[in-house]
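Letter by letter, the chains look like this.
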Amino acid sequence: MRMKTIFALIFLITICIAGIGCDSSKADKITGPTSSGSPSNAGNALDLTSSKSKIGVGDTATITTKIYNTDGSVLSGGGVIGVTGTATTITVVYSVNTHGTLSSSSQSATLAGSTTTAGPATAGSYYFYITLTGATRGTAAITANHFSMQKTIYVDIE
């Protein structure tokens, strides 16, 4: 009986070390197919992080959203070299519960379309920064939305 218990504990420890269950880092990433949203090349992954997990009432934390393609390809404005393209706008909308306030509710950036002499503007990823200010004690839940992707993180306000 003791051997079965020991083997079961070893199995559980191995799973946690491997990152299966036990708060795996995969929970920090919301991904979708490259065809998700419009236009399709505006990014297919959204990561949301906070500079601090705990802040005091009236203190601030920087909330960072990263948008990128999971296949490693660059984000790109619409169009091809030699053809005038259409600029691509990437927008992230944020919301927060009543325990904090955000410096703004949305952020957007534009990837320029191509001209007749240059290719479309490209970037490996886009970062958006929002400031969270703790209003009252509790836990602020910050949610970011981009197309059909959504991620929520929590910051304790003490």
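Quick caveat: nothing in here was measured; it's all calculated off a predicted structure.

**Things to note about the pattern of salt bridges**
Here's step 1: Following the criterion strictly, the structure yields one salt bridge and no others.
Here's step 2: Across the pair glutamate 158 and lysine 54 runs a salt bridge, and its minimum N-O distance is 3.8 Å. Taken together, the residues glutamate 158 in the segment after strand S12 (149-157) and lysine 54 in strand S3 (residues 54-55) connect sequence positions 104 residues apart.

**A look at the packing of aromatic side chains**
Here's step 1: Counted according to the given criterion, the structure contains two aromatic pairs.
Here's step 2: Considering the side-chain rings of tyrosine 127 and tyrosine 129, the 6.5 Å spacing of their centres and the 10° angle between planes classify their relative orientation as stacked.
Here's step 3: Against the face of tyrosine 68 rests lysine 66, its NZ or CZ located 4.5 Å from the ring centre.

**Some points on the nonpolar core**
Here's step 1: If you look at the biggest cluster of nonpolar residues, it comprises 23 residues, and the most contacted ones within it are Ile63, Tyr94, Phe128, Leu132 and Ile142.
Here's step 2: Put simply, the parts of the chain that give this core at least two residues each are strand S2 (45-50), strand S4 (60-68), strand S6 (88-96), strand S8 (106-111), strand S10 (125-134), strand S11 (138-146) and S12.
Here's step 3: The element that contributes the greatest number of residues to this core is S12, accounting for four residues.
Here's step 4: If we skip the residues at most four places from it in the chain, isoleucine 63 touches Leu48, Thr49, Ser50, Tyr94, Phe128, Tyr129, Ile130, Leu132, Ile142 and Ile153.

Rules and cut-offs
Residues numbered from 1 in each chain as written. Predicted model: local features only at pLDDT ≥ 70, side-chain atom pairs only at ≥ 80, totals over all residues. Heavy atoms only, no water. Salt bridge = Lys/Arg side-chain N within 4 Å of Asp/Glu carboxyl O. Helix = DSSP H or I, 4+ residues; strand = E, 2+ residues; numbered from the N terminus. Phe/Tyr/Trp six-rings, centres within 6.5 Å; stacked < 30°, edge-to-face > 60°. Lys NZ or Arg CZ within 6 Å of the ring centre and 35° of its normal. Core = buried A, V, L, I, M, F, W, Y, C linked by side-chain atoms within 4.5 Å. Buried < 20%, exposed > 50% of the residue type's maximum accessible area, 1.4 Å probe, protein only. Contact = heavy atoms within 4.5 Å.

Function-wise, these values are silent; they only describe arrangement.
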